[in-house]
Amino acid sequence: MLLGLWLAWDLLAHLVAEILWFIELDYLSAFWLRLRTQLGLWAFVGCLSAGFLLSNLFLANRLKYPAAIAKEVGNPTRIPPGTTQLNPTLPKTPTQDSKPFNLEKGALALRLGLLLPIVLCLDVLVGIMLLHYGEVAISLWQADFNLPSVTPPLPTPFDWSSIHDVLLRLLVQIIQLIGLVIIVIALVVNSQFWLTAMAVVFSVVFALVVSGQWGRILQFFQPTAFNANDPLFGTDISFYVFKLPVLQLLNFWLGGLCLFGLVAVTLTYLVSGNSLSHGRFPGFSDHQLYHLHGLGSLAMATVAFHYWLSRYELLYSTRGVTYGASYTDVKAQLPINTGLSIFALGIALFLLLRPIIGFKSLHRSGKGTLSLLGLYVIMVAIAGWLIPATVQRFGVQPNELERERLYIERSIKLSRAAFDLDSINVEIFDPEGELTSADLDENVLTIRNIRLWDARPILQTNRQLQRIRLYYEFPDADIDRYRLPLEVTGVPPSFAGEEGDELEAEDTEISLTVPTPGFTIEKQQVIIAPRELSYESVPEQAQTWVNQHLVYTHGYGFTMSPVNRVGSGGLPNYFVKDIGTGADPGVGGDLSTSSQLIRESIPIGAPRIYYGQLTENYVMTPTKVQEFDYPSGEDNVYNTYDGTGGVQISSLWRRLLFAEYLKDWKMLFTDNFTPETKVLFRRNINQRIRAIAPFLRYDRDPYIVSVNPQGGEVETDQTYLYWIVDAYTTSENYPYSDPGDNEFNYIRNSVKVVIDAYHGTITFYVADPDDPIIQTWTKIFPRLFQPLDAMPPALRRHIRYPVDIFSVQSERLLTYHMTDPQVFYNREDQWRIPQEIYGTELQPLEPYYLIMKLPTATNEEFILLHPFTPQARNNLIAWLAGRSDGENYGKLFLYQFPKQELIYGPEQIEALINQDPVISQQISLWNRQGSRAVQGNLLVIPIEQSLLYVEPLYLEAERNSLPILARVIVVYENRIIMAESLEKALEGIFQQPEQEPAPTIIRPLEEPPLPLEGG
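The name an unreviewed UniProt entry assigns to the chain is UPF0182 protein MC7420_6973, from the organism Coleofasciculus chthonoplastes PCC 7420. Heading Subcellular location (unreviewed entry) of the UniProt record for the chain holds this comment: "Cell membrane".

The antiparallel open sheet is built from three strands, whose spatial order is β15-β19-β18. Edge strands, defined here as strands with exactly one partner in the open sheet, are β15 (619-623) and β18 (647-648). Where β18 and strand β19 (residues 673-680) come together, two bridges link them in antiparallel fashion. From the neighbouring strand, Q648 faces β19, where its bridge partner is K678.

On to the pairing of strand β35 (residues 946-957). Counting buried residues along β35, 11 of its 12 residues qualify, which places the element largely inside the surrounding structure. Sheet topology note: the strand β33 (residues 931-935)/β35 ladder contains five bridges and is antiparallel. Note on β35: the bridge partner recorded for A933 is L955. In terms of strand pairing, strand β34 (residues 939-943) meets β35 through five bridges, oriented antiparallel. Residue pairing in the sheet places I943 in a bridge with S946 of β35.

Our focus in this paragraph is the pattern of salt bridges. Within the structure shown, the criterion is met by 27 salt bridges. Residues D738 and R812 are paired through a salt bridge, measuring 3.3 Å at the closest nitrogen-oxygen approach. Placement of D738 in the loop between β22 (721-731) and β23 (746-756) and of R812 in helix α25 (residues 803-816) is noted, with a sequence separation of 74 residues between them. Just as D738 is buried, R812 falls in that class too. Here E907 makes a salt bridge to R832, at a shortest N to O gap of 2.7 Å. With E907 in helix α27 (residues 906-915) and R832 in strand β26 (residues 831-832), the pair connects residues that are 75 residues apart, well separated along the chain. Note on accessibility: E907 and R832 belong to one class, buried. Among the charged side chains, a network of salt bridges with common partners joins D480, R481, K523 and D885.

Right, let's talk about unusual backbone geometry for a bit. With an omega dihedral of -10°, the bond running from T621 to P622 counts as a cis peptide bond. Here P622 is to be found in strand β15. Its identity is not glycine, yet R682 carries a phi of approximately 55°, on the positive side. Inspection of the secondary structure puts R682 in the loop between β19 and α22 (685-692). The backbone phi angle of R827 is positive, close to 50°, even though this residue is not glycine. With respect to the secondary-structure elements, R827 resides in the loop between α26 (821-826) and β26. Residue R827 is classed as partly exposed on the basis of its relative accessible area of 37%.

Let us look at the packing of aromatic side chains. Overall, the coordinates contain 59 aromatic pairs when judged by the stated rule. Relative to F695, the ring of W214 lies with its centre 6.4 Å away and its plane at 80°, an arrangement referred to as edge-to-face. With W214 in helix α8 (residues 214-221) and F695 in the loop between α22 and β20 (697-698), this pair connects stretches of sequence that are 481 residues apart. Accessibility expressed as a relative area gives 7% for W214, which makes it buried.

At a minimum axis distance of 9 Å, the contact between helix α9 (residues 237-270) and helix α11 (residues 286-313) shows a crossing angle of 155°. Viewed along their axes, α9 and α11 adopt a mutual orientation that is roughly antiparallel. For the crossing formed where α9 meets α11, the hand is left-handed.

Rules behind the numbers
- Residues numbered from 1 in each chain as written.
- Predicted model: local features only at pLDDT ≥ 70, side-chain atom pairs only at ≥ 80, totals over all residues.
- Heavy atoms only, no water.
- UniProt positions renumbered as here; feature names shortened; annotations may be inferred.
- Pairing = 2+ DSSP bridges.
- Helix = DSSP H or I, 4+ residues; strand = E, 2+ residues; numbered from the N terminus.
- Buried < 20%, exposed > 50% of the residue type's maximum accessible area, 1.4 Å probe, protein only.
- Salt bridge = Lys/Arg side-chain N within 4 Å of Asp/Glu carboxyl O.
- Phe/Tyr/Trp six-rings, centres within 6.5 Å; stacked < 30°, edge-to-face > 60°.
- Axes fitted to C-alpha atoms, helices over the stretch in contact; angles between N-to-C directions.
- Parallel < 35°, antiparallel > 145°, perpendicular 65-115°, else oblique.
- Left-handed = near helix turned anticlockwise from the far one by under 90°.

Spelled out as structure tokens, the structure:
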């Protein structure tokens, strides 16, 4: 009784806490719809499953042989051969019908030698089913809210492959094997009790699994047409994306339900009358056969349904040379599956009608039914496996290209459509090798934004110099662009600032009026890194309840570095840095900025981070205890939260409720709460957005921006930090679309999520309104999404084409840029991702952001770029660009190089760098002096009709790593140059003859290497 009350209170606490949390965010309607759907599905499926299984077990226990009948069966002298009726004068039992049990000769009577193996096999089958469905249920409880997708995958139905998989696991997982043995022993000892218990377990599992698929079921009733048909059945693709998953879920549920019901009832009859103890089963009675025929009819109907669905599942076949239904699937497997479905349906009708129509002799013996089922199994083995394998081996493989050409075309077309590759604009990029200083001047914005720093050295430097205290951490650093003041000479504003005339700039991050001469407002690529508070890093002695939940509540500030500038000693230059130093006059507790111009360009305010990537614990604020805000020299500055986030816990019942929900009973006894105290929980932004919209797939890299969405003057006590997270709609059911190594075969970047780092508010913006999946979700949750036009312009300037989807599209493009079936079949033009050396390790070259002017564009823009090389060669073959700015957002361009020309690829450039005797000698010298040289990301930078290769070279100590930019290596055409800065390297390459050469290493690539000393 007490346990039941506690469970009810815990459930109520969780429900009310969730309701209050969704009210805080104004998404209660979405929560109610989801909750109603889940509870309705759970109740419907659970009650229907339990009702079906328990009623059949109840009926079986009414119709089974009583224990007393075993004496008659076990005594051969009292049942002479040919006897057809048991002693009608046996005493009645609660499970015995008023009519005598009639047994016909040959009614499947079994002796122990056959009975025991059959019973054990059925027991093992029940155990395997329990392991299979139990594993499916357990996976629902192990959802990781830090993964890109928390939507549970469709469960696999129980079939021959499931039995095979479980048996293979039993060979390596001894615990499951022991569990199976225990299940079999339990069923042998007391089958009635354990079958009833398992019926309840199966019902709960079915209810949990089906209710966990609430999103797919809601989509089933609100589909949106794709206006494109699959080429095999001519059905709109919306059927496969929205309808087929629910039909497969129905197959999982009904197939398992009917199979377990049939096996459980059969076991009940076989072990009744103590048949195992007495070594003989007398055979099935008339009523038992009626019951088994009815259950068998339902089981065969689910088999028919399974094979009918398998016809559509051929569109995801991997049998042929490409993904999707191949020649064998269409010409052999499809008609076979159709025939097996119709045949199974015929058997189901036969089993259902036989008790009604008659055929007494066959009915009572049951041998005809078993023969029919045996024939079906043989047909499944021969027609379902042997015939397609024969057709594939002897009919397809000798003439594979001819047979598969049509299906290769289908796979290419639909794979390109599913990954949005068919929208890529393809251009020819023919490098002319005639880049001049004048060209560099015309592309000065590109040159000024060549990235010399990437996230890894910036994070290493931040963790050494910018943590300020041990409990601060920089979880990530991200590339973005800001419109900032820049000296016309190209040098960013110094810490001293400049004086001069006023310059108006309306399209900076804030409204800017700066005193200057010689300054301009320019788009600059920067690396921004938020400074979050990691409570795990607080000294152990200070890890008290008060500190954890009332004092250490938030992070503070961020660093911002230009990607192309080097500070003193080779360290990164910072536009924004430090904390609490009082470096900026009049703003003693704020962040330090490189100049007054930067401060007026970037809205900083009071950059408190209450919601972030490291905010795992819940906090209560405001309280009588002041919160730690930031350190200021040897002292600390304190603050009290005044944001809109959190749930009020001023009343006693709310404190009781959250004490149970958070499992923190100290909340009830603290004296530090005030009437305004709120609890801020679920503060991790990844968990926060997934709790609201778990049906979306989220990007792995949230990034923070500092903007003033409302415009106007920046308030020093306001926070202007916002997280932006890209979200995707995906499906694994797009016909003929090859997923590769992905969990999906359709993807769109349909949603941009914005989270206020101070208030915790969340807004979902639809970035791709043409996507049918997001249209369906918008119909289901009309108040959840807003159009992208509703995003404030200041925020919209910072959206970027995300790396995650770009990487997926790049990987798919390696193969699916080939549109000719014969070229695709031979893989004549297969591409690959080139390799680069980072540090001393070889790694794939990742996509990187650049500010550059595309060959077909008139202005520089923020793009994402990825180069490709041929499969068996290292030369450059193409590069893919994703645009991020303004109306061009999301447009992709593929620039292909002429195949008859040799264009150096990243691996060839890396080899040339490392083979250069002077460069390699310098690197070796650094590596021998207690430090090591680290080669940074190699960038391939298109400028006009030429390519420039740039690689930074960092130097760091072997201990307490603090990377400095030691050199910049530039390669152009036949020259390789290493200099102290990018400017000197470019001067060395493009210097005029009359100019004095720059002090750099310059050597034509054709020049033979110089011998090393002592060589």
